[in-house]
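Tertiary structure, described
Residue strings, one per chain:
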Amino acid sequence: MSSKGTSAGSKKKGKLSKAERLKLLKEEEERRLKEEEEAHLLAEKLEAERLERERLAKEERERLEAKELEHREEELAELQLLSGDKFSAAEKWKSEIRANAKWKRYMKCDGSPDPTIPQEINTFITLWKNEQTEYQSINLKIHLALKHASALADIETGNMQQIIKDENGTLRIWANLNKNPRFKGYDFPDGAFGFDLPRPMAMSSIALRILHTYYDHISQDSSTYAPPAKSAEESKEEPALHLESIGENVSHSEGEEDKSGAEIIQSSIEETKSDGRKSSNSMNATSAKEETKGLIEDNEKSKEDLDSKTEDHTEDIAEVNESTPGMDYTAPGTENKGNEDEAIQDGVVDLRQFTPLGGLYYLHALKLPPQAKQVNGWTMLELVEEGMQFYPYPPNTVSTGEPKEEKENNISTYPPVGIRFKLPRNVVFFEEPQVARWDPEGKNWTTDNVLEQIYKKEEKMMHIQMDSFQTFTLFQDAHLNMPYESWELTPKGENEVAFAIYAAFTEVKIDIKDSQCRLLSLSNVEGMNISRIMGKWMSPFALKTAMKRAGINVFPEVDSDRYVSINKKDEQTEKTAYEQLAILSPSFAFSWSQWNVKCDYKQIIVKVAESLKTEQIKDEDWSLYLLSPQRACRLQMTESSEEFADDLYEDSELHSTLFHMIKCYASDAAIERIKNSHYLFVDCVYQLLNYTRVLTYS
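Residues numbered from 1 in each chain as written. Predicted model: local features only at pLDDT ≥ 70, side-chain atom pairs only at ≥ 80, totals over all residues. Heavy atoms only, no water.

1. Some details on the overall build of the protein chain
Counting secondary structure elements, the protein chain contains 14 helices and 22 strands. Burial analysis of the protein chain (698 residues in total) assigns 46% to the buried set. (Helix = DSSP H or I, 4+ residues; strand = E, 2+ residues; numbered from the N terminus. Buried < 20%, exposed > 50% of the residue type's maximum accessible area, 1.4 Å probe, protein only.)

Pasting the structure below:
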């Protein structure tokens, strides 16, 4: 056969006929239909199995819920008996403490007011302020000292400068005796404060008074100080809060507010007139120094006199404010100052969002009185009727403010006042603080007169410029450590646990033992001196107060959710969780779970592990528990699961309380330690959990 014939035969053999192609297509279609039918049957089977599993799971869930309902009254009664033994005993103890304090106050018979009655407090303060002698004495002392400033002049500078300190503040006085036209500024010897004097004032007879108080008693007058008033519906929906801790005074040396001391020193920044008495015509340098040093001594004496009247009341005020359900103490002059519906003006500091730290700085220029002169062995002093007078700068203005247009003109005509000062070492600033001055007319802190602000972090120095002499302070975001990254509550022994909060800027570790707690450690506070509160045992309320005033704020306010993005939870469920966590804390460790933000508004998920020893808890020892208003359960999923599911743990049941749910997997030793725990310890743990609200703000 030829090659041509072979090729033609091959082509004829490889070509399918029409019938064959139709047959193949039919077979493929039949195979496809068969596969689709098999897939459909398989899907129906799988769906039927899924529905059957869901039906069985639903029936099992209903069975467990029915079983839980059968034992609900019994379990709630048991928990009520246990919690009643703890919280009721703690409440009884605190009630006795309050009653004893009230009786001691009554037996003093000194006419002191009842701190729970605002009218009595207002009357007491009004009568107290009418005692003008005490209020005028400090200004009078400064005026007398300035009359003899030349006798206290520094040999090197030719000017007079004095620093006087006590536990409530620091007073710095500088007098321009040299009147050097080339004088630019001065830094006090301690390096904590300095100023640049505007050129127009270099040749003026002036003195500068810089008063730094370690407390703040004027912020409460701001319109943004009080939390917003809650609507009737919100108040109706809110559950009654558990009784919180008894208020407790912290010593003045810790830089806390002292109303009496604050009022006395505040008088030194208010303009007063001379009482008309003539000063002696002669005062030597020694007496002048004694007079100047006597400023703080008089302040201490006045403070002691007034403290004797108020020492027993600060604790009672705090006690009422922090402990009594549905009762808020209102400071005089701050009634009905909510800011929920009020628009905050530009430049005004919102005290609900920011907190003043480090005390207040009062910077004022004074007119230097005529100085004593030595003539032929005689000391001659010109007598003037006026007392201490403020020196307005810019001229023809006062520090209370002026129209915006005039301020701009003055800034261009008169150089600003330069100030530099070290940040207080007993306050933690996690970020650059903001400087604001007090507007006495608007009764607010504002930044509109602060022209420049430079923060030197390494030196902890602040350089600012203002258009005039002002009262100013430092502010920090009150919520910069919220929401927390995580938290953990771990037993350490009998009636002792460790409480840790991991926040954005710091890690806070607190020890809780018996009825007290202490700040154990704090990260990211290099160069700060917070030894006054570190490691000191105190009540939860006292610790909360001390930490907030030191700039360590992990305690949300009632309206903090306006400034922090949080996973809001039902308040009653949250409160119930804190109570049960406190009861279980002697034997079980609790920790933050990522699934708490994924579950429902009325559900709370926590990690739980039994911990009777001080050893590190392993990852596999943690379990997830879910608490809702109706019941509690243990979950099948773990912290490392890929997605959220509320499937119950294998062979698990439902219980009415978290206590009974955890009890199912607890050892006898763990339950025994819980029952034997002291009621004051349990109450202390509850207070700290309630103060920090870790289930919502994490």
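2. Digging into the pattern of salt bridges
Scanning the model with the defined rule gives 23 salt bridges in all. For the salt bridge of Arg-420 with Asp-196, the shortest nitrogen-to-oxygen distance reads 2.8 Å. Here Arg-420, found in strand S9 (residues 417-422), pairs with Asp-196, found in strand S4 (residues 193-196); they are 224 residues apart in sequence, far enough to count as distant. Residue class for Arg-420 comes out buried when judged on its relative accessible area of 13%. (Salt bridge = Lys/Arg side-chain N within 4 Å of Asp/Glu carboxyl O.)

3. Considerations on the packing of helix H10 (residues 540-549) against helix H14 (residues 679-692)
Viewed as axis vectors pointing N to C, H10 and H14 meet at an angle of 35°, and their least axial separation amounts to 9 Å. Touching Pro-540, Phe-541 and Lys-544 of H10 are Cys-684, Gln-687, Leu-688 and Tyr-691, all from H14. Residues that form the contact of H10 with H14 fall into these classes: five nonpolar, one polar and one charged. (Axes fitted to C-alpha atoms, helices over the stretch in contact; angles between N-to-C directions. Contact = heavy atoms within 4.5 Å. Nonpolar A, V, L, I, M, F, W, Y, C, P; charged D, E, K, R; others polar.)

4. Examining the nonpolar core
Ranked by size, the top nonpolar core spans 67 residues in total, and within it Phe-499, Ile-510, Ile-512, Met-547, Ile-552 and Phe-590 carry the most contacts. Top element by residues in this core is H14. It accounts for eight residues. The contacts of Ile-552, once residues within four sequence positions are left out, are Val-428, Val-508, Leu-519, Leu-522, Ile-530, Ile-533 and Met-547. Counting 31 residues, the second-largest nonpolar core is a separate cluster that includes Phe-195, Ile-210, Ala-365 and Leu-423. (Core = buried A, V, L, I, M, F, W, Y, C linked by side-chain atoms within 4.5 Å.)

5. Here's the deal with the sheet that holds S4
Read from one edge to the other, the open sheet built from five strands follows the order S3-S4-S9-S13-S12, with strand pairing classed as antiparallel. The open sheet has two edge strands, strand S3 (185-187) and strand S12 (450-456), and neither has a second partner. Here the average twist between neighbouring strands, direction ignored, is 10°. Two elements, S9 and strand S13 (residues 461-466), share six bridges in a ladder whose sense is antiparallel. Bridge pairing in S13 links Lys-422 to Met-461. (Pairing = 2+ DSSP bridges.)

6. With respect to the pairing of strand S21 (residues 623-627)
Burial of S21 is extensive: five of the five residues sit out of reach of the surface. On S21, burial covers both faces: Ser-623, Tyr-625 and Leu-627 on one face and Leu-624 and Leu-626 on the other are all buried. As paired strands, strand S20 (residues 604-610) and S21 are joined by five bridges and run antiparallel to one another. If you follow Ile-604 over to S21, its bridge partner there is Leu-627. By the bridge criterion, three bridges tie S21 to strand S22 (residues 632-634) in an arrangement that is antiparallel. Note on S22: the bridge partner recorded for Leu-626 is Cys-633. Between S21 and S22, which pair antiparallel one after the other, the connecting turn spans four residues.

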